[in-house]
Amino acid sequence: MGAPRRRVAPIRVVVVDDSEVFVSALRRFLDDQPWLEMVAHTFSAVEAIATVARLQPDLVLTDVDMPGMCGLDMVRHLKVVASPPRVIVITFSPEYRRHALKSGADGFVLKDEIVGVLLPLVRDLFTARLKARLPLIPGSARAGHRCPDPRIPVPGGRRRVSGKSHQWPSARS
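## Quick word on the packing of helix 1 (residues 20-31) against helix 5 (residues 114-127)
In step 1: Two numbers describe how helix 1 lies on helix 5: the axes approach to 12 Å, and their chain directions differ by 60°. Judged by the angle between their axes, helix 1 and helix 5 are oblique. Pair helix 1 / helix 5 crosses with right-handed handedness. Across the interface between the two elements, Phe22, Leu26 and Phe29 of helix 1 pack against Ile114, Val115, Leu118 and Leu119 of helix 5.
In step 2: When its residues are assigned to classes, the contact of helix 1 with helix 5 shows seven nonpolar, no polar and no charged.

Spelled out as structure tokens, the structure:
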């Protein structure tokens with residue numbers, strides 16, 4: 001018998017959006033992914049800054065247009081702290097893409113493309129070699145080289161790491 005398998009913590013996510021309907025739908029989508037855990041949601045960027053400081057999540061998914069502080073201003077604020085979380089801007093407006101990436105966001109997804117784009121983008125962000133802080137655009141060659149992150153399921157279930165074969169959890173348990 002081999003050594004007992006170490007349980008790996010999921011990627012901890014904070015969602016920032018002022019739409020209860022969207023937050024609820026996104027929660028259901030994320031709950032289907034055992035490697036992602038939505039640890040909190042906030043309805044404003046100001047509230048999100050305090051929540052992120054308190055919970056130290058791995059990933060923040062944020063909208064742009066919210067009352068009070070703009071989501072892009074929140075991204076700038078989050079990216080100047082020590083060990084900032086990865087941030088993906090999720091919005092309906094494609095014109096925010098350039099502004100989101102200039103503000104320091106690690107990725108950008110249109111809300112109507114979440115189902116097909118968000119999970120591969122999160123995989124890219126958390127498997128990039130040395131966790132390089134490069135902004136990623138779905139389909140972009142900027143993703144860089146890959147190294148495994150044990151929280152990310154790999155299609156096919158197996159990946160060779162350091163000469164050993166490791167079984168990875170499937171995306172659906």
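## Side note on the pairing of strand 3 (residues 59-62)
In step 1: The alternating pattern of strand 3 places Leu59 and Leu61 and Val60 and Thr62 on opposite faces, both of which are buried.
In step 2: Where strand 1 (residues 11-16) meets strand 3, four bridges bridge the pair, whose relative direction is parallel. Bridge pairing links Val15 to Leu61 in strand 3.
In step 3: Once the chain exits strand 3 it traverses helix 3 (residues 71-78) before rejoining the sheet at strand 4 (residues 86-91), and the crossover so formed is right-handed.

## Some remarks on the pairing of strand 2 (residues 36-42)
In step 1: Pairing analysis gives six bridges linking strand 1 to strand 2, with the strands arranged parallel. What sits directly across from Val16, in strand 2, is Thr42.
In step 2: On the question of chirality, the crossover connecting strand 1 to the parallel strand 2 by way of helix 1 is right-handed.

## A word on unusual backbone geometry
In step 1: In this structure, Gln56 is a non-glycine residue whose phi angle is positive, near 50°.
In step 2: The residue Gln56 is located in the loop between helix 2 (45-55) and strand 3 in this model.
In step 3: If you check the backbone angles, Ser83 has positive phi at about 50° while not being a glycine.
In step 4: You can see Ser83 is positioned in the loop between helix 3 and strand 4.

## Comments concerning the confidence of the model for the protein chain
In step 1: Per-residue confidence for the protein chain gives a mean pLDDT of 78; residues scoring 70 or more make up 69%.
In step 2: Confidence, read as mean pLDDT per element, is least for strand 7 (residues 164-167) in the protein chain (36) and greatest for strand 3 (97).
In step 3: Low confidence marks residues 129-150, where pLDDT is under 50. Its contacts with residues over four positions away, or in another chain, come to 52 contacts.
In step 4: Low pLDDT (under 50) marks residues 154-173, which in the prediction has 36 contacts with non-local residues, meaning those over four places away or in another chain.

How each quantity is defined
Residues numbered from 1 in each chain as written. Predicted model: local features only at pLDDT ≥ 70, side-chain atom pairs only at ≥ 80, totals over all residues. Heavy atoms only, no water. Axes fitted to C-alpha atoms, helices over the stretch in contact; angles between N-to-C directions. Helix = DSSP H or I, 4+ residues; strand = E, 2+ residues; numbered from the N terminus. Parallel < 35°, antiparallel > 145°, perpendicular 65-115°, else oblique. Left-handed = near helix turned anticlockwise from the far one by under 90°. Contact = heavy atoms within 4.5 Å. Nonpolar A, V, L, I, M, F, W, Y, C, P; charged D, E, K, R; others polar. Buried < 20%, exposed > 50% of the residue type's maximum accessible area, 1.4 Å probe, protein only. Pairing = 2+ DSSP bridges. Right-handed = clockwise from strand over helix to strand, strands pointing away. pLDDT = per-residue confidence, 0-100.

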